[in-house]
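If you want the building blocks of each chain, they are given just below.
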Protein chains: 2
Amino acid sequence: METHPLYGELKITRKKSGYSRGKNGYEHILFATLNILIEEGYNSISFRNIAKACDMNVGNVNYYFSSKQELIRQLLEAIIGHYEDEFDKSLDQDGIAAEDRLRAYITIVLEDIKTKKTTRLFPELWVLANQDSFVADRVEALYRRARTYLNKIILDLNPDLPAKERETLALFLSASMEGMTTFAGYNKPWADHMELIINITTKSFLDLVKNITVNDISALSNSKKS
Amino acid sequence: METHPLYGELKITRKKSGYSRGKNGYEHILFATLNILIEEGYNSISFRNIAKACDMNVGNVNYYFSSKQELIRQLLEAIIGHYEDEFDKSLDQDGIAAEDRLRAYITIVLEDIKTKKTTRLFPELWVLANQDSFVADRVEALYRRARTYLNKIILDLNPDLPAKERETLALFLSASMEGMTTFAGYNKPWADHMELIINITTKSFLDLVKNITVNDISALSNSKKS
DNA sequence: TATTATTTTGGTCAATCGTACTATTTTAAT
DNA sequence: ATTAAAATAGTACGATTGACCAAAATAATA
């Protein structure tokens, strides 16, 4: 299973123990399903498709996952869990200046968006979240964790900003970067301009976070301009 | 057909003429399909689903649209065409200061993102674009048109910014707003904070567009900070 | 009214789907 | 070597899908 092209891209937490052969089969199915999801989209996922990709029988796939919903949920858990782990691993840099942490954050997220996996996967997650509250909750938890880092950075760079405004600003920064996915992601029209986009994002976010005040954005200020 | 809940949300350009009855059937199918797409997602679209929603026979749906691909493409054309028309209608304000045009642009886009239609539709479009180049091209054309307005505004507010940087900045602004869809769209966790998000966006974009220079973001400046 | 074009119906078809079930083979422990 | 558990293969069922087709119903026209 270490030979699978997508090996290392899932956080697999198998509950029941079994033979090593079974462990391989279980993981092989998850990797194959992930691959189909990336290459052909959610609609193309079927037990028979998966079985063919695993050189396995349909009944065997059903032996590991008693229902399609079960398979999809375990796959999404493995996908999102891996993103969370990678995120924590990339961003636990203590003792680094807040400004540099923000620079690193931007680069890590936007470089990741350029990968085929992230470009293809996240729009699928957004669609699934619109129809399945289980997915919606899990995706929301992922983004909430991602924002905790932004909130700390903003707190360091702009201590006077109240909590509500800080958290909404973190949401704005995170959502803003996510928006690049469909424009500058893998094989997208602006993929070649990602370096410039990263520079614009960095310049924009640094100025914004450091200088923004409550008066700039509070609800009262919807009539006057600075 | 004027009684359909989604009446006015599609730009329908029927090619063949026929009896008025046929025109109604044709449009009814498109509106019903749009409704299914919004409420249940692309996966739930089927000839039989549509027929039931139209109180029509399955074969009749197939009579109007000889294939599902044909139906989907005409629907997407009607959807995107309508967005383009609405966009042009909302933003042809001549004689208004560039800064106010940017404010209006932000408000219009982000308020539209709050609607159920846009919140549900665009993630579906992004996914479809990943698998169907016809959809990818059509969606890209829509966004390209949207950026023409941003490019004019940037040109007014920051005449010294070269074309490449200006166009990439327009892309950044547009993508940034699109990113709010899955966070602050209809029924999303941050929907109630959209007013604050609009204020943050306005503050951020105005400062950025007015003050950014080539030196801030050009490829050379990846080692030094201001 | 008779004729023609258009719309609608109802049914059929092969393909695919998720799932359940049994039988067989493989594996690990005794 | 025996045995029980685990894994695999194979098959079959009911449901749904896109699509096709002939007949019937409707509308416009001469």
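Draft legend 1. Inspection of the overall build of chain A at higher detail. Broken down by element type, chain A carries 11 helices and 0 strands. Its helices and strands in sequence order give chain A the pattern α-α-α-α-α-α-α-α-α-α-α, from N to C terminus. If you line up chain A on its principal axes, its C-alpha atoms span 65 × 35 × 35 Å. Within the span of chain A, comprising 226 residues, buried residues form 52% of the whole.

Draft legend 2. Local environment of the protein's contact with DNA strand C. Taken together, 22 residues lie near DNA strand C, and A:Arg48, A:Lys68, B:Asn57, B:Tyr63 and B:Tyr64 sit nearest. Taking the atoms of DNA strand C that fall within 4 Å of the protein, sugar and phosphate contribute 64% of them. Contacts to DNA strand C include A:Ser46, whose side-chain N or O atom sits 3.4 Å from a phosphate oxygen. One of the side-chain N or O atoms of B:Asn60 is found 3.1 Å from a sugar or linking oxygen in DNA strand C. For the surface near DNA strand C, the class distribution of residues is 8 nonpolar, 9 polar and 5 charged.

Draft legend 3. View of the interface of chain A and chain B. Across the contact, 52 residues belong to chain A and 53 residues belong to chain B. Together, the buried faces of chain A and chain B total about 4,800 Å²; carbon and sulfur atoms form 66% of this surface. Ranking the residues of chain A by area buried against chain B places A:Phe172, A:Phe183 and A:Ile200 at the top, with a combined share of 14%. Across the pair A:Lys203 and B:Asp216 runs a salt bridge whose closest N-O atoms are separated by 3.5 Å. Counting across the chain A and chain B interface gives 10 residue pairs in polar contact (both at pLDDT 80 or more). The set of elements that each furnish at least two residues to the side of chain A that touches chain B consists of helix 5 (98-113), helix 6 (116-131), helix 7 (133-157), helix 8 (163-178), helix 9 (181-184), helix 10 (194-211) and helix 11 (214-217) of chain A. Split by residue class, the side of chain A that touches chain B holds 21 nonpolar, 15 polar and 16 charged.

Draft legend 4. The arrangement of the domain arrangement of chain A in detail. Residues and elements named next belong to chain A. Looking at the assigned domains, one finds that chain A contains domain 1 (1-76) and domain 2 (91-215). Once you take the C-alpha centre of each, domain 1 and domain 2 turn out to be 30 Å apart. Residue-level contacts link 9 residues of domain 1 with 10 residues of domain 2. For the pair domain 1 and domain 2, the summed buried surface comes to about 990 Å²; carbon and sulfur atoms form 67% of the total. Contact with domain 2 buries surface across domain 1, with Ile38, Arg73 and Leu76 losing the most and accounting together for 53% of the total. For the pair domain 1 and domain 2, the interface holds 3 salt bridges. Linking Lys116 and Glu39 is a salt bridge whose minimum nitrogen-to-oxygen distance equals 2.9 Å. For the pair domain 1 and domain 2, the number of links is 4 residue pairs in polar contact (both at pLDDT 80 or more). Here the side of domain 1 that touches domain 2 gets 4 residues from one element, more than from any other, and that element is helix 1 (residues 20-40). Class assignment of the residues belonging to the side of domain 1 that touches domain 2 gives a composition of 5 nonpolar, 1 polar and 3 charged.

Draft legend 5. Focus on the side chain of A:Lys188. Relative to the helices and strands, A:Lys188 resides in the loop between helix 9 and helix 10. Among buried charged residues, A:Lys188 stands out as having no salt bridge; its nearest opposite-charge side chain is B:Glu140, 8.9 Å away.

Draft legend 6. Highlighting the protein's contact with DNA strand D. Around DNA strand D there are 19 residues in total, and A:Asn57, A:Tyr63, A:Tyr64, B:Arg48 and B:Lys68 lie nearest to it. Sugar plus phosphate: this is where 66% of the atoms of DNA strand D within 4 Å of the protein reside. A:Tyr19 is positioned such that a nitrogen or oxygen atom in its backbone is 3.3 Å from a phosphate oxygen of DNA strand D. B:Ser46 is positioned such that a nitrogen or oxygen atom in its side chain is 3.4 Å from a phosphate oxygen of DNA strand D. At the level of secondary structure, the elements contributing two or more residues to the surface near DNA strand D comprise helix 1 and helix 3 (58-64) of chain A together with helix 2 (47-54) of chain B.

Draft legend 7. Geometry of the relation of the copies chain A and chain B. Superposition of chain A onto chain B requires a rotation of 180 degrees combined with a translation of 0.0 Å along the rotation axis, giving an RMSD of 0.1 Å. As the rotation angle and translation indicate, the two copies are arranged about a two-fold axis. Taken together, the interface assignments show that 100% of the residues at the interface of chain A recur at the interface of chain B, consistent with an identical surface on both copies.

Thresholds applied
- Residues numbered from 1 in each chain as written.
- Chains lettered and ligands numbered in written order.
- Predicted model: local features only at pLDDT ≥ 70, side-chain atom pairs only at ≥ 80, totals over all residues.
- Heavy atoms only, no water.
- Helix = DSSP H or I, 4+ residues; strand = E, 2+ residues; numbered from the N terminus.
- Buried < 20%, exposed > 50% of the residue type's maximum accessible area, 1.4 Å probe, protein only.
- Near = heavy atom within 4 Å.
- Polar contact = N/O pair within 3.5 Å; in protein donor to acceptor, adjacent residues only side chain to side chain.
- Nonpolar A, V, L, I, M, F, W, Y, C, P; charged D, E, K, R; others polar.
- Contact = heavy atoms within 4.5 Å.
- Buried area = accessible area lost by both parts, 1.4 Å probe.
- Salt bridge = Lys/Arg side-chain N within 4 Å of Asp/Glu carboxyl O.
- Domains from an automatic or database assignment.
- Lys, Arg positive; Asp, Glu negative; His and termini not counted.
- Least-squares fit on C-alpha atoms with pLDDT ≥ 70 in both.

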